Amino acid sequence: MKKFISILAIIGLLFVSGCSSAAKPDKTVSDFIDAGKKFDLAQMATLVNPANANSKAKITDITKGGDKEADQYEKYFLDYFKENAAKITYTIKEPKIDGDKATVPVDFKYVNGSPLLKATIGDAFSQVMSLAFTGVQMKDDDMNQLFMNSMNKQKTNVQESFTEKTVDFNLVKADNKWYIDNPSDELLDVFTSNFISVGKEISNSFKSASDNSSQDPTFMEQAKKDNATIVNKTIGDEIVLATIKLKINSAEEKQTLTPQSGSPVNAKDGTKFVVVNADLTNITNKAITMEPDLLMIDNKEREFKTYDKTVGAIDNYLDYRKLAPSIKENGNWVYELPNDATGYSLAVMKSGTNELYLIKLK
């Protein structure tokens, strides 16, 4: 009997040992992220489903030629991504395994390069347009250098910020190993500081602008279709939205913006600036970033987004301001309107409701 029990014990130990050495999906995920923090694209690709060549190429093609000393433009962005990737922090949550498939949620905190890239594109585009008007033709190398110079300049104006999100890793099991299956753009954004999504956004905006076959409804037209409940407000009224508390303090028309550091910015012929001062309070329990998504609607129902060169043109701007919970922030938005806009309001929907707030400024 003792010998029989001893044999059972040995079998049990072998079984436990075999189970403990079995591949686990969360180990693959942690290896993938750790390789990503080093921006080791080749190592990341080895952890992607070997049956999906396109997914492997999607990883290795994030940058092309970035390791070649001759290609300074690619190397510039590779260095930027590497620097930011090292700052990624993450928490792997409980995997959900269903046979040879698994889903592993991961909470990420990483550098949000979106404000920097948008500010850089706006500044570079302005320079290119100015040179075009003078008849200067730029080669690709000149354009690349201009963009790098502009990005270096914007790094001094745009404060580094972080964003948080949860990404689901989908995995498949092959030959007793777990592999990442078809990594999403949402995942790759983590390692490229949101540059992938911003690139798509800008590309889509150009595509929409060039497509005259159909036009999307304006913000107000869509609100009317949705039977939105319009709530009229004025300067000084406190408005509680889904994530922030908002109060407009003033709206001032100007022809010139004069920042403390930098050159004055003049409104184009036939236009004027409207500088809106506001108080914002984050009413959630975690930090959020204030995106510049408040539209200004004039008396002709024309819609205007915040001035695309706000960064560097005015002090204490609210675009992309990081809002800590329950701490009031004060700052400015800038809009550029035609001179025939004799009246205008800010328009904002309250998320999760059908309420449209129209804040009359003039």
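Remember, predicted model here, so these are calculated numbers, not experimental data.

## Examining the packing of helix 5 (residues 72-85) against helix 7 (residues 140-157)
And step 1. For the pair helix 5 and helix 7, interaxial distance at closest approach is 9 Å and the crossing angle is 25°. One finds that helix 5 runs roughly parallel with respect to helix 7. The element helix 5 and its partner helix 7 pack so that their crossing is left-handed. Residue-level inspection shows Gln 72, Tyr 73, Tyr 76, Phe 77 and Tyr 80 of helix 5 in contact with helix 7, the latter providing Asn 144, Phe 147, Met 148, Met 151, Asn 152 and Lys 155.
And step 2. The residue inventory of the contact of helix 5 with helix 7, partitioned by class, reads seven nonpolar, three polar and one charged.

## What about the nonpolar core?
And step 1. Ranked by size, the top nonpolar core spans 41 residues in total, and within it Val 29, Phe 32, Ile 59, Phe 108, Phe 169, Leu 171 and Phe 191 carry the most contacts.
And step 2. The element best represented in this core is helix 5, accounting for six residues.
And step 3. The contact partners of Phe 191, leaving out residues within four places of it in the chain, are Phe 32, Ile 33, Gly 36, Lys 37, Phe 39, Met 44, Phe 81 and Ile 88.

## Points about the environment of Leu 246
And step 1. By the element assignment, Leu 246 lies in strand 8 (residues 244-254).
And step 2. In this structure, the C-alpha to C-alpha distance between Leu 246 and Asp 279, residues 33 residues apart in sequence, is 5.9 Å.
And step 3. Among all residues touching Leu 246, those that are not within four sequence positions of it are Asp 237, Glu 238, Ile 239, Ala 278, Asp 279, Leu 280, Leu 294, Trp 333 and Ile 359.

Criteria and cut-off values
Residues numbered from 1 in each chain as written. Predicted model: local features only at pLDDT ≥ 70, side-chain atom pairs only at ≥ 80, totals over all residues. Heavy atoms only, no water. Axes fitted to C-alpha atoms, helices over the stretch in contact; angles between N-to-C directions. Helix = DSSP H or I, 4+ residues; strand = E, 2+ residues; numbered from the N terminus. Parallel < 35°, antiparallel > 145°, perpendicular 65-115°, else oblique. Left-handed = near helix turned anticlockwise from the far one by under 90°. Contact = heavy atoms within 4.5 Å. Nonpolar A, V, L, I, M, F, W, Y, C, P; charged D, E, K, R; others polar. Core = buried A, V, L, I, M, F, W, Y, C linked by side-chain atoms within 4.5 Å. Buried < 20%, exposed > 50% of the residue type's maximum accessible area, 1.4 Å probe, protein only.

Purely spatial values, then, with no claim about function.
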